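Each chain, written out:
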Amino acid sequence: MTRTNKLTLMAMLIAIGLVGAAFIWFPAGVARAYPVQHAVNVIAAVILGPGPAVLVAFAIGLLRNMLGIGTILAFPGGMAGALLAGLAYRWIRKKPAAAAGEVIGTAVIGSLLAVPLAQFFLGQAAGVFFFIPAFFVSSASGALLAWFILSRIPENKLPK
């Protein structure tokens, strides 16, 4: 994949994630669930790799915050999930591994990273178990959506 193709695909995924976050969300415990964000993370991780997937997740989180449709908690969950999804797919080469990496990265690692951010930026003294259920519901629904979409793409059509 050429550099221009990769940047174009990243821009399209960012646009899909941003528009999806504006229109497709549901309450999940203490937070809102944005399944399209997590689906984009998994798709970017499989097609582009872990580094570009993290950049896509960061850009979506940044734009959501700038537009007022997200919080600072969009960063730890989205970026950790995208990184682990990309690494899991790189190591195992199975689409379900990328989906599982997104869920583990967001629900576990993202929750751990969200605690100090919530205390510092939001003034909430919440524990890690406060975030896990909401992050799990959000990432699991998006990972299942991505797994469904990626199951329609043959393995030989994905980049090596």
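All residue numbers here refer to positions counted from 1 along the written sequence of the relevant chain. Per-residue local features are limited, in this predicted model, to residues with pLDDT of at least 70; the limit for side-chain atom pairs, both in listing and counting, is 80 or more; totals at the level of whole chains, interfaces and linings are taken over all residues. Side-chain numbers come from the whole structure's heavy atoms, not from hydrogens or water.

Participant: Could you give me a rundown of a nonpolar patch on the surface, with the residues and numbers involved?
Facilitator: To count toward a patch, a residue needs a relative accessible area above 30% and no salt bridge. Like charges then connect within 9 Å, nonpolar side chains (Val, Leu, Ile, Met, Phe, Trp, Tyr) within 5 Å. Residue exposure ignores everything except the shown protein chains as possible cover, and the areas themselves are Shrake-Rupley values with a 1.4 Å probe. By definition here, a salt bridge exists when the distance from a side-chain nitrogen of Lys or Arg to a carboxyl oxygen of Asp or Glu is within 4 Å. A cluster of nonpolar side chains, namely I104, V108, I109, L112 and L113, defines an oily patch on the protein surface of about 430 Å² accessible area. Only DSSP runs of H or I reaching four residues or more are called helices, and only runs of E reaching two or more are called strands; each is numbered from the N terminus. Positionally, L113 belongs in helix 5 (residues 95–122).

Participant: Just give me the short version of helix 3 (residues 50–67), but keep the residues and values in it.
Facilitator: Every helix has an expected span of 1.5 Å times one less than the residues it contains. The terminal C-alpha atoms of helix 3 lie 26 Å apart, and with 18 residues this matches the ideal 26 Å at 1.5 Å per residue to within 8%. Note on exposure labels: buried denotes an accessible area under 20% of the residue type's maximum, exposed denotes more than 50%, and partly exposed covers the range between, all computed with a 1.4 Å probe on protein chains only. By the burial criterion, the buried members of helix 3 are P50, P52, A53, V54, V56, A57, A59, I60, G61 and R64. Contacts were defined at the residue level, with two residues in contact if any of their heavy atoms lie within 4.5 Å. Its buried side turned inward, helix 3 meets helix 1 (3–23), helix 2 (35–47) and helix 4 (74–92). Note on helix 3: the residue one or two positions beyond its end, G68, has a positive phi of about 80°.

Participant: Mind laying out helix 1, listing which residues take part and the relevant values?
Facilitator: The end-to-end C-alpha distance of helix 1, which contains 21 residues, comes to 31 Å, matching closely the 30 Å that a straight helix rising 1.5 Å per residue would cover. Buried residues of helix 1: L9, M10, L13, I14, G17, L18, G20 and A21, and no others.

Participant: Break down the environment of F131 for me, citing the residues and quoting the values.
Facilitator: Relative to the helices and strands, F131 resides in helix 6 (residues 128–150). Under the relative-accessibility criterion, F131 is labelled buried at 1%. Through-space distance from the C-alpha of F131 to that of N5 is 36 Å; in sequence the pair is 126 residues apart.

Participant: Got a sec to walk through unusual backbone geometry? Specific residues and values, please.
Facilitator: If you check the backbone angles, R93 has positive phi at about 60° while not being a glycine. In this fold, R93 is placed in the loop between helix 4 and helix 5. Assessed through its relative accessible area of 40%, R93 is described here as partly exposed.

Participant: How would you explain the nonpolar core if you had to name every residue and give the values?
Facilitator: Among the buried residues, those of types Ala, Val, Leu, Ile, Met, Phe, Trp, Tyr and Cys that are joined through side-chain atoms within 4.5 Å form a nonpolar core. Ranked by size, the top nonpolar core spans 31 residues in total, and within it L13, V42, V46, L48 and V56 carry the most contacts. Mapped onto this core, the elements with two or more residues apiece are helix 1, helix 2, helix 3, helix 4, helix 5 and helix 6. For this core, the element with the highest residue contribution is helix 2, accounting for nine residues. When neighbours within four sequence positions are excluded, L13 is seen to be in contact with V40, I43, A44, L48, V56 and I60. Membership of the second largest hydrophobic core comes to six residues, among which are L73, V115, A118 and F131.

That is the geometry; function is a separate question.
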